[in-house]
Every structure is written in C-alpha cells, then in structure tokens.
Amino acid sequence: MEQLTLTTPALLFSAISLIMLAYTNRFLAYAAVIRNLHDIYLEKKDDTLIDQIRNIKLRLNLTRWMQIFGITSLLLCVLTMFLIYIEQHIAAIWIFGIALILLIISLGLLIREIQISTHALGLHLKDIENHLNK
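Rules behind the numbers
Residues numbered from 1 in each chain as written. Predicted model: local features only at pLDDT ≥ 70, side-chain atom pairs only at ≥ 80, totals over all residues. Heavy atoms only, no water. Salt bridge = Lys/Arg side-chain N within 4 Å of Asp/Glu carboxyl O. Helix = DSSP H or I, 4+ residues; strand = E, 2+ residues; numbered from the N terminus. Buried < 20%, exposed > 50% of the residue type's maximum accessible area, 1.4 Å probe, protein only. Phe/Tyr/Trp six-rings, centres within 6.5 Å; stacked < 30°, edge-to-face > 60°. Core = buried A, V, L, I, M, F, W, Y, C linked by side-chain atoms within 4.5 Å. Contact = heavy atoms within 4.5 Å. Axes fitted to C-alpha atoms, helices over the stretch in contact; angles between N-to-C directions. Parallel < 35°, antiparallel > 145°, perpendicular 65-115°, else oblique. Left-handed = near helix turned anticlockwise from the far one by under 90°. Nonpolar A, V, L, I, M, F, W, Y, C, P; charged D, E, K, R; others polar.

Draft legend 1. Structural detail: the pattern of salt bridges. If you walk through the whole model with that rule in mind, you get 2 salt bridges. Between Arg-26 and Glu-113 there is a salt bridge, and its shortest N-O distance comes to 2.4 Å. Separated by 87 residues along the polypeptide, Arg-26 in helix 1 (residues 7-44) and Glu-113 in helix 3 (residues 89-133) bring together distant segments of the chain. With its nearest N and O atoms 3.4 Å apart, the salt bridge here joins Arg-59 to Glu-113. Of the two residues, Arg-59 is situated in helix 2 (residues 49-85) and Glu-113 in helix 3; the sequence distance between them amounts to 54 residues. Neither residue differs from the other here; Arg-59 and Glu-113 are each classed as buried. The network of salt bridges with shared partners includes Arg-26, Arg-59 and Glu-113.

See the structure below:
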C-alpha cells in the first residue's frame, strides 16, 4: 500500500466543503418551504398538506444526517492529518478509511433524498396534468 501523506486527506477538503454548501442550500430551501406550508395550513386547514409536510419532514431529516456524516468525515480527515503529523500512520490509515465510509454514507443519503424529492415533484406534475386534461 502506498504511504498516506498529508495531502491525501487534504484533497477531500474542497470536495467536502462544496458538498456541505449544497447540503446547506437544500436545508435553507426546505426551511422556506416549511414556513410556506405552515402559513398555508394555518390559513386553510387543508388536510391534503399533511402528506407534503410528512414528505418535507423526511427530506429534512435526511439532509440533517447527510450534514452530520459529511461534517464528521471532514473532522476525521483533519484528525488523519494530525495523526500523520505525529507519525501515527496505522491509526491515520484507519481513521481516513472511516472518514471515507462516512462520506459514502452521506452521498448515499443524498441519492435517497433526491429520489424522494423527484417523486414528490412528479406527483405535483401529475396533478397539474390531470387538471389540464379535464
């Protein structure tokens, strides 16, 4: 196995930072949707909004876990660099491996969240199509 150097975990910093920015943007968009749904529900007391609220709650939960796994991955990359610095190479290799696994989990949750989002948008489009066909 090739030697793990300080630059190896450092390469993930920019990627993880961009991923975290995307996750934060998703979170802020969900916050706006939730506030909007809340206002609409208080105004109309429409029970059809309950499914949308459940859907957005699930997506918000997934985004939270995506952020937690992504941030933990970044922290472990920093720890890996510190372990390399103090010449604890075996521990650094294991910690870096765990960081990569957490990043994989975070990206897997992103895929699931995208599937849920796409399905929800598909339902809205189907509703519009049904209304136009009447």
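What follows picks up the thread again.
Draft legend 2. Broad picture of the packing of aromatic side chains. According to the stated counting rule, one finds 1 aromatic pair in the structure shown. For the pair Trp-65 and Phe-69, a centre-to-centre distance of 5.9 Å together with 40° between the ring planes defines the contact as tilted. Here Phe-69 and Trp-65 lie together in helix 2, a separation of 4 residues that amounts to about one turn. You can call Trp-65 partly exposed: its relative accessible area is 37%. The partly exposed category is assigned to Phe-69, whose relative accessible area is 21%.

Draft legend 3. Structural view of the nonpolar core. Within the largest apolar cluster, 21 residues are counted, with the highest numbers of intra-cluster contacts made by Leu-12, Ile-16, Tyr-23 and Cys-77. At the level of secondary structure, the elements contributing two or more residues to this core comprise helix 1, helix 2 and helix 3. At 9 residues, the largest contribution of residues to this core is made by helix 3. Among residues more than four places away in sequence, those in contact with Leu-12 are Cys-77, Phe-96, Leu-100 and Leu-103.

Draft legend 4. Inspection of the packing of helix 1 against helix 3 at higher detail. Contact geometry of helix 1 with helix 3 gives a least axis separation of 12 Å together with a crossing angle of 30°. In terms of axis orientation, helix 1 runs roughly parallel to helix 3. Of the two possible hands of crossing, helix 1 and helix 3 adopt the one that is left-handed. Where helix 1 abuts helix 3, its residues Thr-8, Pro-9, Leu-12, Ile-16, Ile-19, Tyr-23, Arg-26 and Tyr-30 lie against Phe-96, Leu-100, Leu-103, Ser-106, Leu-107, Leu-110, Glu-113, Ile-114 and Ser-117. Residues of the contact of helix 1 with helix 3, tallied by class, amount to 12 nonpolar, 3 polar and 2 charged.

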